[in-house]
Protein chains: 2
Amino acid sequence: VSSAASSSLAGQPTVAWADAAVVIIDQTALPGTERLLRLTTVREVIDAVQRLAVRGAPAIGVAGAFGVALAARGPAGSFAAAVEALRIARPTAVNLARAVDRAASQFPAGPGAVLAEAERIAAEEVASSDAMARLGAALVIELCGDRARLLTHCNTGALATVTGGTALAVVFALHATGRLGGVVASETRPLLQGARLTAWELGRAGVPFRLAADGAGPFLMARGEIDAVILGADRVCANGDVVNKIGTYSHALGAARAGIPFLVVAPESTVDPDTATGADVVIEDRDPAEVTGFGGIAVAPAGTPVANPAFDVTPHDLVTAIVTDRRVIRLSIGQSMAAVPLGAT
Amino acid sequence: VSSAASSSLAGQPTVAWADAAVVIIDQTALPGTERLLRLTTVREVIDAVQRLAVRGAPAIGVAGAFGVALAARGPAGSFAAAVEALRIARPTAVNLARAVDRAASQFPAGPGAVLAEAERIAAEEVASSDAMARLGAALVIELCGDRARLLTHCNTGALATVTGGTALAVVFALHATGRLGGVVASETRPLLQGARLTAWELGRAGVPFRLAADGAGPFLMARGEIDAVILGADRVCANGDVVNKIGTYSHALGAARAGIPFLVVAPESTVDPDTATGADVVIEDRDPAEVTGFGGIAVAPAGTPVANPAFDVTPHDLVTAIVTDRRVIRLSIGQSMAAVPLGAT
């Protein structure tokens, strides 16, 4: 890995291919340091994915596809093993395996074809962000009227995709047209993606927002300070169950009790018709040190045992609607994932 | 303030009177440093309460009463102002004003009488912990059977009282008799009382436990890993609404959805028949720096705006039962605070 401090990341995609390397914004360094990493081996790509230097289901998929492009330039004998290692670098998001497989399928046509396929996946994610922003903004205005006050969780902005974002792309679209009331960003323990990344993106974009502890979300909803919850998904199951960053389910319970919409914005690439329900998803249990520490300092006594599920499952009955880049599925009025065709809003 | 590192705090009460000073365990230093603070002026007591060097509704009440004893030894002309400043040092818990008023009422009989009243309040808190431990343990066994797996939030152990605790006293009592399955301690952002204080107390006592991010609680309940939630209260309202550390309401929503008991353990001194509902309680909004960082480490970008309510309100319909030192009120079977007499279990 080589890294370079960058005076500005303006216009820099989260993941890109340049000069025979995968170039990513190092999200472990934000918001304190704006830095790019050049990854030149499959092992470095896997490591970046596992350390969350690149994170967010769509961004991980693109990084994985570019990782396959790196593998395709190496010895043919090690290609299959490299692809398999990339596929399973993180278990929860379906995008990763899917993007890796798609790029790998071009291997017989040579490394140039693999790279071209990875570039196509990246371009599709950009177009997908634009579509989600448009469909999501229209839905928020329909359900909440003008100047809705939204609560979001984790990071679903440009840093989770290539540019734009998923749920945060909707926020940016509403803000750009003067139709946003404000945002509460949930800090998202243990890794604080909300405090570190979402606050950074919202601040740079001039969006009015407040940061809050995760446990405060449902209470702010109960006090009438939030008009809708809008967030992303790592996987959407066939029955509409949503697998997303730990803490999502709490916000869904809060929204249901407060009677406000709970909206999930995620590309079709996260929808997995082969996973029947949330109970069928392997939930990654991550390093205890994430919970016993905070921003690099230990806060709990040494040796403290930990429960650290990285994701949770929000049952479909708590989800008002799922917005993808190609359709809006209104679960709360009885629509099912299978019954809503692509292209339906 | 003078402080002294202490090689062991074993047997040390959280708040005590010694040699014309209020001696407290410095909870801002735990778990890294075990240190006592000697507070010799009313201003130092107020500062310790506001910095959360002493926290937990019962402990704050005792500290306030000892603060009145300090005031009573000073000039008579400044006594009333000192008492008023102590009363309002923190706004949410009713114990503080009540304990301060009770100690102050002895002022006409002299400083010795004020101190004796403060010592009585401290002794009553110790007896109260014992009673809650007994009543709460019996209720957990009745509702969940043997070896219940409990989730708790914030710190309700000896550090929140004088010795013993409230909800954590129940945990200790179950553990002592071999009837506890285990504990999940919720870390309790922003100030991490769960990670710093509850983990420290549980570890010292040899109680099997795991630490978890606040947002993980409801999901662990949904996965069937928790048999009941048990936690404290800063104020219990006349209608049974519970005001407690931010994040409590999320756990209550999770417990209701999972169909497991949600138990609140707090002394009668936190029950306030004069506060009709949770909506009538002033919710303290604390320093934004608590959310943007921890322990001096900033994680969010500089200048990030914050929503930081220190407490939330759990509506009484989500509360299975309230255990005090003198009765058990089973809200889930229709009992009301007013209808259950002292002495009823």
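All figures in this text were calculated on a predicted structure; none of them were measured in a lab. (Residues numbered from 1 in each chain as written. Chains lettered and ligands numbered in written order. Predicted model: local features only at pLDDT ≥ 70, side-chain atom pairs only at ≥ 80, totals over all residues. Heavy atoms only, no water.)

J.: Let's hear about the environment of Gly 110 of chain B: which residues, and what values?
T.: Looking at the element boundaries, Gly 110 of chain B is found in the loop between helix 4 (94-104) and helix 5 (111-144). A sequence separation of 41 residues divides Gly 110 of chain B from Ala 69 of chain B, and the C-alpha atoms of the two residues are 9.7 Å apart. (Helix = DSSP H or I, 4+ residues; strand = E, 2+ residues; numbered from the N terminus.)

J.: Tell me about the relation of the copies chain B and chain A, and name the residues and values.
T.: Note on the identical chains: chain B maps onto chain A by a rotation of 180° and an axial translation of 0.0 Å, with an RMSD of 0.2 Å. Viewed as a symmetry operation, the transformation between the two copies matches a two-fold axis. Most of the interface of chain B is mirrored in chain A, where 98% of its interface residues again form contacts. (Least-squares fit on C-alpha atoms with pLDDT ≥ 70 in both. Contact = heavy atoms within 4.5 Å.)

J.: Provide a residue-level description of the sheet that holds strand 5 (residues 148-153) of chain B, including the pertinent values.
T.: Residue and element names in this part refer to chain B. Pairing is mixed across the open sheet formed by seven strands, whose spatial order is 7-6-5-8-11-16-17. The open sheet has two edge strands with one neighbour each: strand 7 (209-212) and strand 17 (328-329). Relative to strand 11 (residues 262-265), helix 9 (residues 248-258) is tilted by about 145°, and along the sheet it contacts strand 5, strand 6 (180-186), strand 8 (228-231) and strand 11. (Pairing = 2+ DSSP bridges. Axes fitted to C-alpha atoms, helices over the stretch in contact; angles between N-to-C directions.)

J.: So what's going on with the interface of chain B and chain A? Residues and values would help.
T.: The partner chain A presents 49 residues to the 49 residues of chain B that form the contact. Of the roughly 3900 Å² buried between chain B and chain A, counting both surfaces, carbon and sulfur atoms make up 70%. Of all residues in chain B, the largest losses of buried area upon contact with chain A belong to Phe 219, Arg 257 and Val 299 of chain B, amounting jointly to 17% of the total for that side. Summed over the shared surface of chain B and chain A, the result is four salt bridges. For Arg 257 of chain B, the salt bridge identified is with Asp 317 of chain A, shortest N-O distance 2.8 Å. (Buried area = accessible area lost by both parts, 1.4 Å probe. Salt bridge = Lys/Arg side-chain N within 4 Å of Asp/Glu carboxyl O.)

J.: I'd like to hear about the environment of Val 114 of chain B, residue by residue, with values.
T.: Residue and element names in this part refer to chain B. Following the sequence through the fold, Val 114 ends up in helix 5. Overall, the relative accessible area of 0% leaves Val 114 in the buried class. Residues Val 114 and Val 68, spaced 46 residues apart in sequence, show a C-alpha to C-alpha distance of 7.3 Å. Residues within four places of Val 114 in sequence aside, it is in contact with Val 68, Ala 69, Ala 72, Ala 103, Gln 106 and Phe 107. (Buried < 20%, exposed > 50% of the residue type's maximum accessible area, 1.4 Å probe, protein only.)

J.: How would you sum up the nonpolar core? Please name residues and give values.
T.: Of all hydrophobic cores here, the largest spans 76 residues; its most connected members are Ile 322 of chain A together with Ile 322 of chain B. Residues in contact with Ile 322 of chain B, not counting those within four places in the same chain, are Val 236, Gly 240, Val 242, Val 264, Arg 327, Val 328, Ile 329, Leu 331 and Met 337 of chain B. (Core = buried A, V, L, I, M, F, W, Y, C linked by side-chain atoms within 4.5 Å.)

J.: Summarise the packing of helix 4 (residues 94-104) of chain A against helix 5 (residues 111-144) of chain A; cite the residues concerned and give the values.
T.: Residue and element names in this part refer to chain A. Packing of helix 4 against helix 5 leaves a shortest axis separation of 8 Å and a crossing angle of 140°. Judged by the angle between their axes, helix 4 and helix 5 are oblique. In contact with Asn 95, Ala 99, Arg 102 and Ala 103 of helix 4, helix 5 contributes Val 114, Glu 117, Arg 120, Ile 121, Glu 124 and Glu 125. Across the contact of helix 4 with helix 5, the residue classes break down as four nonpolar, one polar and five charged. (Parallel < 35°, antiparallel > 145°, perpendicular 65-115°, else oblique. Nonpolar A, V, L, I, M, F, W, Y, C, P; charged D, E, K, R; others polar.)

J.: Explain the confidence of the model for chain A to me, and be specific about the residues and the numbers.
T.: With 98% of its residues at a pLDDT of 70 or more, chain A shows a mean pLDDT of 95. Note on the complex model: pTM 0.92, ipTM 0.92. (pLDDT = per-residue confidence, 0-100.)

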